[in-house]
Amino acid sequence: MKKLMLGNEAVARGLYEAGCGVISSYPGTPSTEITEQAANYEEIYCEWAPNEKVAMEVAFGAALAGKRSACVMKHVGVNVAADPLFTIAYTGINAGMVICVADDPGMHSSQNEQDSRHYAVSAKLPMLEPADSQEARDFAIRAFQLSEEFDTPVFLKLCTRISHSQSIVTMGEREEVADRPYEKDIAKYVMVPGNARHRHPVVEERTKKLEAYAETTDLNREEMGEDTSFGIITSSTCYQYAREVFGPKASILKLGLVNPLPRQKILDFAKKVDRLIVLEELDPVIEEFCRGLGLEVTGKDKMPMIGEFAQGVVAQRLKDTTRPWVELGEGVPPRPPVLCAGCPHRGLFYTLAKHKVTVLGDIGCYTLAAYEPLYAIETCECMGASVSSIHGFNKALGKQSEGKTVAVLGDSTFMHSGMTGLANIAYNQSNSTVIILDNSTTGMTGHQQNPTTGKNLRGDPAGKIDLETLCRAMGINRVRVVDPYDLKATEKVVVEELAAEEPSVIITRRPCVLLKSVKKHPPYRVDPDKCKSCTQCMKLGCPAISWKEKKAVVDPTQCVGCGVCDQLCKFDAFLHEEG
C-alpha cells in the first residue's frame, strides 16, 4: 500500500513495522510528530518523558529488557541526553535501540544550528540519514537491524525539510519481533572504571566492523551519470537539490550511512570523476573526511556553513548558469511571530515591562515576549537556564539586582530541567523570584501533555504533579498562584514577591487559549467615541488590536474576549460585541 507521508510520519511507520515496542520522547520541533504518529499504533507503548535524558534512559531500559525501543528528540535535545548517550555506546544494547534526532538548519524553531553528526562521530555510533519519506520509513527499519547486528544504539538523523515535507511511501506489515531474554551481565552493563576499560576496546572493534560495512552496504550508493566532469558526494535533502539542479546526467555518491563514512568507496568514486563537490548543510563533516583522505574537493569554499540550502542556492553557488533571477520590486514586509491573541502570558509580561523588571527567559512560546512592544525577555539559552541563571545573576550583583529581576519558564520546561535550578536556589539561598507560566500544556511544540497536566500522551488519565506542593517540598516557603488575566492581582503578587527577602515562586495559572477545552468569550469592540487615542492598549502587543484612523480597532475574528485590554483602558472604550 502507498501513502503520501510526512517524513516524521514515515519514521513512525518504520518504527511500527520494525516491531518497536517502546518509544519515550520529549517534544521538540521538528521531531515531535514522530512520537505523536507512533502513538496511533496500539502495539507501541508511547510516552512523553520529562526530558530527553530520561527518554533515552527509558529507551535503553526497554532495549535492555529485550524489547525494541526508540527515543525521539530535536538536535538540542541530544545535548540533554548526552550523558547516557556516551555510556550506552560502551555498554551496547540487548534488543534494538534507535535514537531519532531532527536537526533544524535555518533555525525555523530553534536557538542554534548544531549539527548532530558530530555526536555520532564523537560517541562512535552509526548514523543513518534519509533523503525522503520513503527512506525515512526504510531507514527506521534498517536502524533496528543494524542495532542488533552490531550491538549498538543507532542514530536516525532527519532535518526540518525531511521531517516536514511529504513524498510517497510504500508501506509493509508489522514484523512481530520476539523479545530477547534479558541476561545479567555485570561486566557489560555496569560501567564502573574497571568494566568500562574493557568495553572501550569493544567500541573500537565495533567501529572497524561498521567501517567495513559502510563500504558494501546499499545505504551508500553510486549513481554514475554520463557527465563525469565532476562528481557530487552528498546526503539528505542536499541529494534532492543536487538531482534537481544538475539533472540525471550528474554523477553522485549518495550517502545514507553518514557515520562511519566509507573510505574506499569515496576514493573509488573520486577516481571516476574529474573533480569532487561535497554538498552538505551546516558543518563540513563529509568534506573534512574527504580532505583527510588526501582528496581535493569543492565544498564550503562555495557553499555556506549557515542556514538551510535550497535548489536556487545550489544552482547559484555551484552551477555555471545564465538563468535570470527574479527580483522582487519591493521587499516583503517582515512578519515576526507574536504571542497569540488572548495568550495568558501577555498580562504578566505587560506587568513586568511596566515595572522595568529584568527578565531572564527560557525556551517556550513565551520567549516571544522579547519582541516589541513588550521587550520583556532579556535572555534565552536552553531549557531551564533561566532558573539557574537568576541564581548566578543575583549572587553576582547582590542587592543591586534583588527586587528587580525574575526568571520565567513554562510548566513543561520547569519539569524538564527547571527543578534542579530551583533546588539550587533553595539550597544556596539567593533572593530570587521564579515565575512558572502554567498554561496546562507544552504549548510551543503543539500542545503535548506533560507531568503537570494529569494526562498521558494519548490523553488518558495519568499521574499529576502539583507544582505548589513540589516547590514547597524543595524548600521554597513563598509560593503564590495568580490568574494572569487579572492585571491588578498579577501586579500585586509580582510587587510583593520582588520585595520579599527570601526565594519565592509565582505560578501564573491560565490554560493556553488555543486548547480545545478552553471556552472562548465574546469578542470585544472599541467604541470610537470613547477611545481617546491614548495608545495604552497598544502596549499589550495583542494581534487582535490594531490602530486605524487614530483609534484602536479590535478584529473580532482574533479576539477571544480575555479582557486584559479592557482592564487597561481608563475610558471604558472596550465593549463586548454583545453589549
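Residues numbered from 1 in each chain as written. Predicted model: local features only at pLDDT ≥ 70, side-chain atom pairs only at ≥ 80, totals over all residues. Heavy atoms only, no water.

Q: Even after reading the chapter, I still don't get the overall build of the protein chain, so can you show me in this structure?
A: Check the secondary structure of the protein chain and you find 19 helices and 23 strands. Relative to the compact-globule value of 25 Å for 579 residues, the protein chain shows a C-alpha radius of gyration of 27 Å, a close match. Projected onto the principal axes, the alpha-carbon positions of the protein chain cover approximately 80 × 65 × 50 Å. Counting all 579 residues of the protein chain, 54% fall into the buried class. When contacts within the protein chain are restricted to residue pairs at least 6 apart in sequence, long-range pairs at least 24 apart make up 74% of them. A gap of 3 Å separates the mean positions of the 65 positive and 75 negative side-chain charges of the protein chain. (Helix = DSSP H or I, 4+ residues; strand = E, 2+ residues; numbered from the N terminus. Rg over C-alpha atoms; globule rule 2.2 N^0.38 Å. Buried < 20%, exposed > 50% of the residue type's maximum accessible area, 1.4 Å probe, protein only. Contact = heavy atoms within 4.5 Å. Lys, Arg positive; Asp, Glu negative; His and termini not counted. Charge placed at Lys NZ, Arg CZ, Asp CG, Glu CD.)

Q: Quick question: what am I supposed to make of the sheet that holds strand E16 (residues 405–410) here?
A: Strands in a sheet are paired, the pairing made by backbone hydrogen bonds, and the direction either parallel or antiparallel. Pairing is parallel in the open sheet, where 5 strands are placed in the order E15-E16-E17-E19-E18. Two strands bound the open sheet, and with one partner strand each, they are strand E15 (358–360) and strand E18 (478–482). Averaged over all neighbouring strand pairs, the angle between strand axes comes to 25°, with direction disregarded. Looking at chain direction, E16 and strand E17 (residues 433–438) are connected through 5 bridges and run parallel. Bridge pairing in E17 places Val408 opposite Ile435. In the packing of helix H16 (residues 411–428) onto the sheet, contacts are made with E16, E17 and strand E19 (504–509), and the angle to E16 comes to roughly 145°. Contacting E16, E17, E18 and E19, helix H18 (residues 487–499) crosses the sheet at an angle of about 165° to E18. (Pairing = 2+ DSSP bridges. Axes fitted to C-alpha atoms, helices over the stretch in contact; angles between N-to-C directions.)

Q: How should I be thinking about unusual backbone geometry in this particular structure?
A: Glycine aside, residues mostly have negative phi angles, and peptide bonds mostly take the trans form. Omega for the bond connecting Thr29 with Pro30 falls within 30 degrees of zero, at 15°, which places this linkage in the cis form. When you line up the elements, Pro30 lands in the loop between strand E2 (22–25) and helix H2 (32–38). The step from Glu372 to Pro373 runs through a cis peptide bond, and the omega angle for that step is 0°. Summarising the element assignment, Pro373 is placed in the loop between E15 and helix H15 (385–397). Its identity as a non-glycine residue notwithstanding, Lys124 has a phi of 60°, on the positive side.

Q: Please explain the state of the cysteines as it appears in this structure.
A: All told, the structure shown has 0 disulfides when counted by the stated rule. The thiol of Cys340 is not disulfide-bonded; the next cysteine sulfur, from Cys343, is found 6.3 Å away. Cys565 forms no disulfide, and the closest cysteine sulfur to it belongs to Cys562, at a distance of 5.9 Å. (Disulfide = S-S within 2.5 Å.)

Q: Sorry, what's going on with a nonpolar patch on the surface here?
A: A cluster of nonpolar side chains, Ile186, Val190 and Val192, forms an exposed patch at the surface whose accessible area comes to about 230 Å². Positionally, Ile186 belongs in helix H8 (residues 186–189). (Patch = residues over 30% accessible without salt bridge, like charges linked within 9 Å, V, L, I, M, F, W, Y side chains within 5 Å. Areas by Shrake-Rupley, 256 points an atom, 1.4 Å probe, with all protein chains shown as cover. Salt bridge = Lys/Arg side-chain N within 4 Å of Asp/Glu carboxyl O.)

Q: Quick question: what am I supposed to make of the nonpolar core here?
A: Generally speaking, a soluble globular protein has its nonpolar side chains buried in company with each other. The biggest cluster of nonpolar side chains holds 62 residues, and the ones touching the most others in it are Phe349 and Leu352. Examining the composition of this core, we find that 5 residues originate from one element, H16, more than from any other. If sequence neighbours within four positions are ignored, Leu352 has contacts with Val357, Val359, Val406, Val408, Ile435 and Val494. Residues Ile34, Ala102, Phe144 and Leu457 belong to the second largest nonpolar core, which totals 43 residues. (Core = buried A, V, L, I, M, F, W, Y, C linked by side-chain atoms within 4.5 Å.)

Q: Hey, could you run me through the packing of helix H10 (residues 236–246) against helix H13 (residues 311–318) in this one?
A: Each pair of packed helices can be described by the angle between their axes along with the distance between the axes. Where H10 contacts H13, the axes come no closer than 9 Å and their chain directions differ by 60°. By the criterion of interaxial angle, the relationship of H10 to H13 is oblique. As for how H10 packs across H13, the hand of that crossing is right-handed. For the pair H10 and H13, contact is made by Tyr241, Glu244, Val245 and Phe246 and by Gln311, Val314, Ala315 and Leu318, respectively. (Parallel < 35°, antiparallel > 145°, perpendicular 65-115°, else oblique. Left-handed = near helix turned anticlockwise from the far one by under 90°.)

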